[in-house]
Amino acid sequence: MDTPSTTCDESSEVDARDDYGDIDDVEQRRGRHRREASSDVSSECSGEPGSPYGSPYPRWPVCSIAKAPPPPPPPLLQKLGAARRGAGRDRKAGDGELQLIKERFSKLLLGEDMSGSGKGVSTAVAISNAITNLYATVFGGCHRLEPLLAEKRSMWRREMDCLLSVCDYIVELFPSKEIMPDGTVREVMATRPRSDIYVNLPALEKLDDMLLEILDSFQKTEFWYVNDKGQKDSCAAAAAAPCRPVSHRDGDKWWLPVPCVTKPGLTESARRDLRQKHDCASQIHKAAMAINNGVLAEIRIPELYKQTLPKCGRASVGDLIYRHMSFPGKFSPEYLLDRLEISSEHDALEAADRVEAAMHVWRRKASQGHSRSPWSAVKELMESDKNVMLASRAGDVLLCLKQRFPGLSQTTLDASKIQYNKDVGQAILEGYSRVLESLAYNIVTCIDDVLFADESARKI
């Protein structure tokens, strides 16, 4: 009976020795790998003559520090199979435009505050600044009657389409009816584009296309420009008879290029074509200015500007202007401006600020009993009031002043409205109309320079 137990003990001991033998083999192999690895490291780090990492201190070998592998992505990214931002991403030809759009979009969301701390401007101001900066980039050096470069034209179209796309989502609700499948009719609220955007934005886009068409029409011209070195630009007409450049600016805006024509002057067809384009650009300028004035009139006046208004309108405009405006007879704003003898844009802007401030003082006095009514309604209700008359005449003087000086800068009130405006739709319409007004004025001015050079050449 003892034999079987002895046999089992011997077999178990044999199995145990076999298991321990396998473990010993594994430990021996691990020890051998450790010794080989340590020998490799010691050979690299030792100061032996054949080693490139020789060190004068045998106890402190100089070892090469291996670059640590990049940390693995978080478990969530590993589970989703997502890579880190920008890792292993191929850059294609169209990525430049995509990156530009991302940059513009990010600046709009951040309100031009790159720190992301929420101290940026409002979205309306950011879009207005983006339109202004885009215009300066594309048309800032456009002081000649020549086609716009292809890359600049593409940039203008692409980025303006991106900025104007915001208007596609500015809507207003209106009651409508919907017919159900069973024939019943129910009342619902539908959406449509906001009325001011629906009316003004297509008109501005049409004016934009017309201005670019005018610039594109100057392919082959009978005039040319002189560059900064006094040399003729590469132009077919430049090979004709030379002509001394003539300007009517009298030192004003001396940095602008001066056009040149041949001594006989322009041909009759070229002169007629220039005048037609001049009239077209002038009409575009008036249309853009009308839209801009209408949009600015709808923007609320900031409270900070109201606090700076004087208590009396007469103190703002002065005695001379007040006497002419308060005269009970017929009033002529042109005659008043002639009496003021305004010769520079700086004086014109100062006069516009004073007249505009007085206009709002008189409007505020006339609207004291009708604070919630618009000015048009107050004007009809209190037509015989003296403050209404003075405010209306101040508006006529301001309009005549802007027409007499079409390149006039923004008044203090206009700049304040743009700065504190919160309405994105109004910001887009105001900025778009303002840059188109500036472009149309520049084209009109350039055509005037060519016509003046033509008249001077014919007198020689």
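Residues numbered from 1 in each chain as written. Predicted model: local features only at pLDDT ≥ 70, side-chain atom pairs only at ≥ 80, totals over all residues. Heavy atoms only, no water.

Draft legend 1. Quick look at the pattern of salt bridges. Enumeration according to the criterion identifies 16 salt bridges in this entry. Residue R157 pairs with D209 through a salt bridge whose shortest N-O separation is 2.8 Å. Linking R157 in helix 5 (residues 150-164) with D209 in helix 6 (residues 195-216), this pair joins segments that are 52 residues apart in sequence. Judged by its relative accessible area of 27%, R157 is partly exposed. Residues D454 and R458 are paired through a salt bridge, measuring 3.3 Å at the closest nitrogen-oxygen approach. In this pair, D454 and R458 are both assigned in helix 16 (residues 424-459), four residues apart and thus about one turn of the helix distant. You can call D454 buried: its relative accessible area is 1%. For R458, a relative accessible area of 43% corresponds to the partly exposed category. Salt bridges sharing common partners tie together E268, R271, D454 and R458. (Salt bridge = Lys/Arg side-chain N within 4 Å of Asp/Glu carboxyl O. Helix = DSSP H or I, 4+ residues; strand = E, 2+ residues; numbered from the N terminus. Buried < 20%, exposed > 50% of the residue type's maximum accessible area, 1.4 Å probe, protein only.)

Draft legend 2. Geometry of helix 6. For helix 6, with 22 residues, the first-to-last C-alpha span of 33 Å sits near the 32 Å given by 1.5 Å per residue. Along helix 6, the residues classified as buried are I197, N200, L201, L204, L207, D208, L211, L212, I214 and L215. Those residues of helix 6 hidden inside the fold are in contact with helix 4 (123-139), helix 5, helix 7 (268-298) and helix 16. (Expected span 1.5 Å × (residues − 1). Contact = heavy atoms within 4.5 Å.)

Draft legend 3. Structural context of the side chain of T411. Turning to its location among the elements, T411 is positioned in the loop between helix 14 (386-404) and helix 15 (412-420). Residues within four places of T411 in sequence aside, it is in contact with L349, A352, D353 and E356.

Draft legend 4. View of the packing of aromatic side chains. Within this structure, the stated rule accounts for five aromatic pairs. What links up through ring pairs into an aromatic cluster is the set Y135, F139 and W156. The ring of F218 carries K277 above its face, with NZ or CZ at 4.2 Å from the centroid. (Phe/Tyr/Trp six-rings, centres within 6.5 Å; stacked < 30°, edge-to-face > 60°. Lys NZ or Arg CZ within 6 Å of the ring centre and 35° of its normal.)

Draft legend 5. Layout of the nonpolar core. Among the nonpolar cores identified, the biggest contains 56 residues, and F139, L145, W156, L274, Y432 and I443 are the most heavily contacted of them. Mapped by element, the contributors of at least two residues to this core are helix 4, helix 5, helix 6, strand 3 (223-225), helix 7 and helix 16. If you tally residues by element for this core, the top one is helix 16, at 17 residues. Of all hydrophobic cores here, the second largest spans 24 residues; its members include V317, Y322, L336 and I342. (Core = buried A, V, L, I, M, F, W, Y, C linked by side-chain atoms within 4.5 Å.)

Draft legend 6. Layout of the packing of helix 6 against helix 7. Helix 7 packs onto helix 6 with a crossing angle of 150° between their chain directions and a minimal axis gap of 11 Å. In terms of their interaxial angle, helix 6 and helix 7 are classed as roughly antiparallel. Considering the relative orientation of helix 6 and helix 7, their crossing is left-handed. Within the contact between the two elements, helix 6 uses N200, A203, L204, L207, M210, L211 and I214 and helix 7 uses K277, C280, A281, I284, A287, A288, I291 and V295. Grouping the amino acids of the contact of helix 6 with helix 7 by side-chain chemistry returns 13 nonpolar, one polar and one charged. (Axes fitted to C-alpha atoms, helices over the stretch in contact; angles between N-to-C directions. Parallel < 35°, antiparallel > 145°, perpendicular 65-115°, else oblique. Left-handed = near helix turned anticlockwise from the far one by under 90°. Nonpolar A, V, L, I, M, F, W, Y, C, P; charged D, E, K, R; others polar.)

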